[in-house]
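These are the residues of each chain, in order.
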Amino acid sequence: MVALTTLNGRLPAAALVIADTGPNGPQRLRLDAAASRQRMIRDGCPAGHLRSGYRDLAEQDAEVARANAGLTPSAARPGTSGHGEGIDTDDDPPAREWITAHGASYGMVSGLVPKEPWHHEYFPARDQHAHAMPTPPHVSAKPAPTPTPPVQEDTDMPTLIFSGTYGYALLDGGRLIGLGEQASVDAFQAAGVKRIAVTDADFLRMRTESAPGVLLYNAPDKGGRGWAYLTGGHAIGVGAQSTVDALKSQGCPVLTLDAADFARFTA
Ligand SMILES: [Zn+2]
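Description of the structure in this document. (Residues numbered from 1 in each chain as written. Predicted model: local features only at pLDDT ≥ 70, side-chain atom pairs only at ≥ 80, totals over all residues.)

A few words on the pairing of strand β4 (residues 88-91). Side chains on a regular strand alternate between the two faces of the sheet. Residue alternation in β4 divides its side chains into two sets, Asp 88 and Asp 90 and Thr 89 and Asp 91, and both sets are buried. Of the strand pairs in this sheet, β4 and strand β6 (residues 119-127) are connected by three bridges, and their pairing is antiparallel. When the bridges of β6 are listed, Asp 88 appears paired with Glu 121. (Buried ≥ 20, exposed ≤ 12 C-beta atoms within 10 Å, placed from the backbone. Helix = DSSP H or I, 4+ residues; strand = E, 2+ residues; numbered from the N terminus. Pairing = 2+ DSSP bridges.)

Looking now at the environment of Val 198. Inspection of the secondary structure assignment puts Val 198 in the loop between β10 (194-197) and α5 (200-205). For the pair Val 198 and Ile 161, spaced 37 residues apart in sequence, the C-alpha separation works out to 6.8 Å.

With that settled, the discussion passes to helix α2 (residues 57-68). A rise of 1.5 Å per residue sets the reference length of α2, with its 12 residues, at 16 Å; its end C-alpha atoms lie 17 Å apart and thus fit the reference within 8%. Positive backbone phi, approximately 80 degrees, marks Gly 70, located one or two places after α2. (Expected span 1.5 Å × (residues − 1).)

We now examine the nonpolar core. Membership of the largest hydrophobic core comes to 27 residues, with the highest contact counts inside it found for Leu 216 and Ala 228. Contributions of two or more residues to this core are made by β7 (159-163), β8 (167-172), α4 (182-190), β11 (213-218), β12 (226-231), β13 (234-238) and α7 (259-266). Filtering out sequence-adjacent residues up to four positions away, Leu 216 remains in contact with Trp 227, Ala 228, Leu 230, Ala 235, Leu 255, Leu 257, Phe 262 and Phe 265. Core analysis: the next-biggest nonpolar cluster, separate from the first, contains 20 residues, Ala 19, Ala 35, Ala 95 and Tyr 122 among them. (Core = buried A, V, L, I, M, F, W, Y, C linked by C-beta atoms within 7 Å. Contact = placed C-beta atoms within 7 Å.)

Keep in mind these values describe shape, not function.
If you want it as structure tokens, here you go:
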């Protein structure tokens, strides 16, 4: 069992990416565990058999209910499961057998819950392949309270990247920012942002020198976070309407996002 954190079951969306799909749909894992999953798939682990990855507190509650109903042998209390850290996986065949046989060197440990042969746990320190691919997408931008919009001399736009496993992300200033809402994808496309389909491996490798400027807006009835200016991979909070107007007059595109996706850029 790995060390539990106070964020167990409450991980920020930016710390999670879709790692693989399965019978319950796309499953998210913490970035490092997701990258390990991608390396295993690259090396032969059958994709599409991840039954359960990250579980938030409500989903872990549901798992306890399933255990109480005899549908599964046991379930950890919400807040105490490795699934709540985004690093444990429940795997269906044939991925289960592949990970049991080959997962150890990827940091995926089997057999820690004897009654649950499908349960695997990720230990980053045991991952011998972690150097083999670039760091997965990571959001680290912080909004500045008093923004000074940079002069835009480069009209390059960000690019929408799509892969079958990871879905959509915005490639911006060398960073990939995951997009969880179709409405956000639509907004970027409507603003003329190009969409390109890439392989899952390239999705993680994509890096560019683009330095776009895009105004992000979260409306009062969608969360009320207001305005931010996205450039060079950083979202900078914009407090003054005159700043917004000046950027608009320069032709800066405005994208309306819901609160969750707005938070991915500015949190
Ligand atoms: Zn499990």
